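# Topology and contacts: notes
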Amino acid sequence: MKSLKKSLIILLVVATELWGPDCLAQRHSRKNETATDTTASASLAPLVKKIGGMLPLRNANSAANAAGQIIVLRGGFAAERTKATPERQQVLTAAIFVCDLMTRAFDERRQAEANAKATKVVRVTPSTRSREKKRQANEADAVFDQAVVSNWNNRKAELISQIGIAYGKLQSLEARSPSAK
């Protein structure tokens, strides 16, 4: 778990240095000059579409990559929001909220996985030497693991729904705002 945290921190530092808010703001201002600008919802669309596939337990690689992309996008939206018109600020605030919801979903997934691993370590004891006790312990583990996965799948559905609703509101704000692009 510590190595995963270190890897995420290193990824965030590198991403911030390479694609930090200042760099994204400069890139965005160049895009505005060339009329090939993309909306906030278009930037988030690939991640929102794939969020369900990135949240299963024991799927840390795709989640770590997406978490880095979300942080970079959020930084760009925050940098742009400081200079934007009030209408555009609403759109960017909504985009930041979507990023925050996705980040929270990844954090909850990580926490659920860590809790499952921690409780499994506690349940394995040296007193399970006989075959019957080992069988009973394995059955208890299977039941508990199924409960953890089932609870996470329910929570994951709630998180995906919240992200979908927030993304829909972002799209609605962009459609109503003439300066959203």
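Residues numbered from 1 in each chain as written. Predicted model: local features only at pLDDT ≥ 70, side-chain atom pairs only at ≥ 80, totals over all residues. Heavy atoms only, no water.

### Describing the overall build of the chain
Our working definition: Secondary structure elements follow DSSP: runs of H or I no shorter than four residues count as helices, runs of E no shorter than two count as strands, and numbering proceeds from the N terminus. With a 1.4 Å probe rolled over the protein chains alone, any residue whose accessible area is under 20% of its type maximum counts as buried; one over 50% counts as exposed, and the rest are partly exposed. By the convention used here, residues are in contact when the closest approach between their heavy atoms is within 4.5 Å. Exposure was quantified through the Shrake-Rupley algorithm and a 1.4 Å probe, taking into account, for residues, occlusion by the shown protein chains and nothing else.
Looking only at helices and strands, the chain has six helices and zero strands in total. When the 181 residues of the chain are sorted by exposure, 34% land in the buried category. Summarising the internal contacts of the chain: among those between residues at least 6 apart in sequence, 75% fall at separations of at least 24. If you sum the accessible surface of the chain, you get close to 11,000 Å²; carbon and sulfur atoms cover 58% of it.

### Overview of helix 6 (residues 131–176)
It helps to recall that an α-helix has 3.6 residues per turn; residues three or four apart then point in one direction. So the rule is basically this: Here, expected helix span is obtained from the residue count minus one, scaled by 1.5 Å.
Taking 1.5 Å per residue as the helical rise, helix 6 with its 46 residues ought to reach 68 Å, and the 67 Å between its terminal C-alpha atoms agrees with that figure. When helix 6 is considered as a whole, its buried residues turn out to be Asp141, Val148, Trp152, Lys156, Leu159, Ile163, Ala166, Tyr167, Leu170, Leu173 and Glu174.

### Concerning the confidence of the model for the chain
This is how the line gets drawn: A residue's pLDDT is simply how confident the predictor is in it, with values from 0 to 100.
Averaged over the chain, the pLDDT score is 77; the fraction of residues at 70 or greater is 69%. Mean pLDDT across the elements of the chain bottoms out in helix 2 (residues 21–34) (46) and peaks in helix 3 (residues 40–54) (90).

### Some thoughts on the pattern of salt bridges
Threshold: Salt bridge criterion: a side-chain nitrogen from Lys or Arg within 4 Å of a carboxyl oxygen from Asp or Glu.
Applying the stated criterion across every chain yields a total of six salt bridges. Taking the shortest distance from any N to any O, the salt bridge between Arg88 and Glu80 comes out at 2.8 Å. The burial state of Arg88 is the same as that of Glu80; both residues are buried. With its nearest N and O atoms 3.2 Å apart, the salt bridge here joins Arg109 to Glu113. With Arg109 and Glu113 both in helix 5 (residues 86–123), this residue pair falls four residues apart, about one helical turn. Given the relative accessible area of 12%, Glu113 is considered buried.

### What about the packing of helix 3 against helix 6?
Going by this rule: To obtain an axis, a line is fitted to C-alpha atoms, over the contacting stretch when the element is a helix, and the angle between two such axes runs from 0 to 180 degrees between their N-to-C directions. Orientation labels follow simple angle bins: below 35 degrees gives roughly parallel, above 145 gives roughly antiparallel, 65 to 115 gives roughly perpendicular, and whatever is left gives oblique. Each crossing gets its handedness from the near helix: less than a right angle anticlockwise from the far helix is left-handed, clockwise is right-handed. Amino acids are sorted into nonpolar (Ala, Val, Leu, Ile, Met, Phe, Trp, Tyr, Cys and Pro), charged (Asp, Glu, Lys and Arg) and polar (every other residue, Gly among them).
Where helix 3 contacts helix 6, the two axes come as close as 11 Å, and the packing angle between them is 160 degrees. As the angle between them shows, helix 3 and helix 6 are arranged roughly antiparallel. When you trace helix 3 past helix 6, the crossing you get is left-handed. On the side of helix 3, the interface is formed by Ala40, Ser41, Leu44, Ala45, Val48, Ile51 and Gly52, while helix 6 contributes Lys156, Ile160, Ile163, Tyr167, Leu170, Gln171 and Glu174. Class assignment of the residues belonging to the contact of helix 3 with helix 6 gives a composition of nine nonpolar, three polar and two charged.

### A short note on the side chain of Thr39
Short version of the rule: Two N or O atoms form a polar contact when they lie within 3.5 Å of each other; inside protein one atom must be a possible hydrogen donor and the other a possible acceptor, and for residues adjacent in sequence the pair counts only when both atoms belong to side chains.
By the secondary structure assignment, Thr39 is in the loop between helix 2 and helix 3. At 3.2 Å, the side chain of Thr39 and the side chain of Ser41 are in polar contact.

### Section: the environment of Gln89
Looking at the element boundaries, Gln89 is found in helix 5. Residues Gln89 and Ala78, eleven residues apart in the sequence, show an inter-C-alpha distance of 9.2 Å. In contact with Gln89, other than residues within four places in its own chain, are Arg81 and Ala84.

### A look at helix 3
For clarity, the threshold we go by: For a residue, the bend is simply the angle between two axes, fitted respectively to the seven-residue segment ending there and the seven-residue segment starting there.
Spanning 15 residues, helix 3 covers 21 Å between terminal C-alpha atoms, matching the ideal 21 Å at 1.5 Å per step. At Pro46, helix 3 shows its largest kink, close to 30 degrees.

### Some points on the nonpolar core
Our working rule: Put simply, a nonpolar core is a bunch of buried Ala, Val, Leu, Ile, Met, Phe, Trp, Tyr and Cys residues held in one set by side-chain atoms that sit within 4.5 Å of each other.
Counting 36 residues, the largest nonpolar core has Leu44, Phe77, Met102, Phe106 and Leu170 as the members making the most contacts within it. At the level of secondary structure, the elements contributing two or more residues to this core comprise helix 3, helix 4 (60–81), helix 5 and helix 6. A per-element tally of this core places helix 5 first, with 13 residues. Contact partners of Leu44, with chain neighbours within four places excluded, come to Leu73, Phe77, Ala95, Val98, Cys99, Met102, Tyr167 and Leu170.

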